[in-house]
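A look at the structure
Each chain is listed here by its residues.
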Amino acid sequence: MHAPDPAHSHAWKPTPLAVLGGAPAFAEPLHVGRPNVPDRAKLLQRIEGALDRRWFTNDGPLVQEFEAALVRQLQVKHVVAMCNGTTALEIAIRALELKGEVIVPSFTFVATAHALQWQEITPVFADIEPATHLIDPAQVERLITPRTTGIIGVHTWGRPCDVAALAEIADRRGLTLLFDAAHAMGCTHRGVPIGRFGAAEVFSFHATKCVHSFEGGAVATNDDVLAEKLRLMRNFGFAGYDRVVYLGINGKLSEIHAAMGLTSLEDLPRVVAHNRRNFELYRQGLAGLPGLRLLDYDDAAAESRNYQYVVVECDPAASPLGRDELAAVLTAENVRARRYFYPGCHRMEPYRSLLPDALKRLPVTEEIVAKVLLLPTGPTLGETEILSVCGILHRAAAESVAVRGALPPPDGASPTSRIL
Ligand SMILES: Cc1ncc(COP(=O)(O)O)c(C=O)c1O
């Protein structure tokens, strides 16, 4: 373990742990998904340009430039930028004419399910594979009914779903395959950028993402007809002044957002390189912690990964402290570790009430939501912070009896469950 740098603003205090009465290790909170700030001068120059042009929205030049840059990045024919990832999902689902039932993982951000339910399409929750946290194609096949029209795979943590298995099922059963690629900018599958699979792939450029536009999203597709429909739908169905040819909504991205999106996309190599270094530091720093598994990349030599999420699983049978206890220890130190996607969409409303039977077929999801903890990363964190976070976890394990005694009982109403 390296000695902490006392001059650093996040100076690390080795003893005692904050849950045991010490001062928090970090004066400022360390967040999961803290927004990245790309080249300010470039961003401000682009914003100045938009102000000078007085062209703020409605398919302006920065949106067009952002879409063209994304086409190059994703090596796909069309990218249609939207105001956020959820709207992009909703518009893609509508443009693809999905209805009835669509199979999705429950282990995802709730927007994936909401984008269906919002349009009165039933999300049918499928379980995930324990090693990868990705939708289980074998169960997808079993969940198909005469009402099923599509499958939405989620490339959770930027790891590609089993694209070939899902595509084979979709083709054979006449279903539409859509991907939620909100986590997957800059990632590849068999050397091909995520963005080129299925009928379409949907990205989020929310401020927490490695490429962001404050808020924003996009649909990527190789289908010319679909792309045209998406463009019409995001702009009220307007096909020119005074000519509405389609049912549409306002899903447009503004110029200011596109200015950030473009500048952030240019910054992606730096962000990924930094996150990758952080990931290696976590790997070293977490080694030897009983019951704690870092979700690693066994394909990193052949594939691109963006390393924007550091995901650990806490095995309650092997770890001296449970996941929520570790989260409480970290929170006390001002390390805002998060329990994504706790408790699973199937336990959130309206799905909990509408689909009460779903949890019976989601044993892996139930297990994973109880184990997963995300640790902070990103360009504002360096070696000092990451080794400090790992040091806290080692000390918590070593002092687990005292830590457990100091924490409130896990009753669902503890301070931790309110914070997380
Ligand atoms: C997997 C997933 N899908 C969809 C979304 C929704 O995107 P947005 O926040 O841009 O609406 C997010 C996150 O924000 C996400 O993580």
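Our subject is the structure listed above.
For every chain, the first residue of the written sequence is number 1, and numbering continues from 1 along that sequence. The predicted origin of the model limits local features to residues at a pLDDT of at least 70 and limits the giving and counting of side-chain atom pairs to 80 or more, whereas totals for whole chains, interfaces and linings rest on all residues. Derived side-chain values reflect all non-hydrogen atoms in the structure, with water molecules and hydrogen atoms excluded from consideration.

By the convention used here, strands pair only if DSSP detects at least 2 bridges between them. Where helices and strands are cited, they refer to DSSP runs of H or I of at least four residues and of E of at least two residues respectively, numbered from the N terminus. In space, the seven strands of this open sheet follow the order β2-β10-β9-β6-β5-β3-β4, with mixed pairing throughout. Across the chains shown, the open sheet's two edge strands, defined by having one partner strand only, are β2 (78-82) and β4 (122-126). Taking each pair of neighbouring strands and ignoring which way they run, the sheet shows an average axis angle of 25°. Bridge analysis of β2 against strand β10 (residues 217-221) gives five bridges, and the strand direction is antiparallel. Across the sheet, the residue bridging to Ala81 is Ala218, located in β10. Contacts from helix α6 (residues 163-173) reach β5 (148-154) and β6 (176-180), with the element oriented near 150° to β6. In this analysis an axis means a line fitted to C-alpha atoms, helices contributing only their contacting stretch, and an angle means the value between N-to-C directions, from 0 to 180 degrees. Contacts are residue-level and defined by heavy atoms, with any inter-residue pair within 4.5 Å sufficient.

The subject of this paragraph is the nonpolar core. Buried residues of nine kinds, namely Ala, Val, Leu, Ile, Met, Phe, Trp, Tyr and Cys, make up a nonpolar core once their side-chain atoms join them within 4.5 Å. Burial here depends on accessible area, computed with a 1.4 Å probe over protein chains only, as a share of the maximum for the residue type. Under 20% is buried, over 50% is exposed, and the range in between is partly exposed. Counting 70 residues, the largest nonpolar core has Met185, Tyr282, Leu286, Leu330 and Leu375 as its most contacted members. The contact partners of Leu330, leaving out residues within four places of it in the chain, are Val335, Ala337, Leu373, Leu375, Val389, Ile392 and Leu393. Core analysis: the second largest hydrophobic core is formed by 30 residues, Met82, Leu89, Ile91 and Cys345 among them.

Turning to the pairing of β10, a few remarks are in order. Burial analysis of β10 places five of its five residues in the buried class, the great majority of the element. Here β10 shows no split at all, with Gly217, Val219 and Thr221 on one side and Ala218 and Ala220 on the other all buried. Sheet analysis places strand β9 (residues 200-204) next to β10, joined by four bridges and oriented antiparallel. Residue pairing across strands places Val202 opposite Val219, the latter belonging to β10.

Turning our attention to the site of the ligand. The rule for a residue being near a molecule or strand is that one of its heavy atoms must lie within 4 Å of it. Taken together, 14 residues are adjacent to the ligand, and Gly85, Thr86, Asp180, His183 and Ser204 come closest. One of the backbone N or O atoms of Gly85 is found 2.8 Å from an oxygen atom in the ligand. At a separation of 3.0 Å, an oxygen atom of the ligand approaches a polar side-chain atom of Lys209. Here the ligand has 380 Å² of accessible area as a free molecule, and 92% of this is covered by the chains. Nitrogen and oxygen atoms within 3.5 Å of one another constitute a polar contact, given that in protein one can donate a hydrogen and the other can accept it, and given that sequence-neighbouring residues count only through two side-chain atoms. Using a 1.4 Å probe, the Shrake-Rupley method yields the accessible areas, and only the shown protein chains count as cover for residues.

This paragraph deals with the layout of surface pockets. Quantified by volume, the largest pocket comes out at close to 810 Å³. Cavities and pockets are found on a 1 Å grid laid over the protein atoms alone: a cavity is a set of points where a 1.4 Å probe fits but cannot escape, a pocket is an open set with protein on both sides within 12 Å along at least five of seven lines, and a lining residue has an atom within 4 Å of such a point. Lining the largest pocket are 44 residues, with Phe109, Thr208, Lys209, Tyr340 and Phe341 sitting closest to its centre. Put simply, the parts of the chain that give the lining of the largest pocket at least two residues each are α3 (85-95), α4 (110-117), β9, α9 (268-286) and β14 (372-375). Following the grouping adopted for this structure description, the nonpolar residues are Ala, Val, Leu, Ile, Met, Phe, Trp, Tyr, Cys and Pro, the charged ones are Asp, Glu, Lys and Arg, and the polar ones are all others, Gly among them. Taken together, the residues of the lining of the largest pocket sort by class into 22 nonpolar, 16 polar and six charged. Grid points are joined across faces, edges and corners, and a volume is the space filled by probe spheres set on the points.

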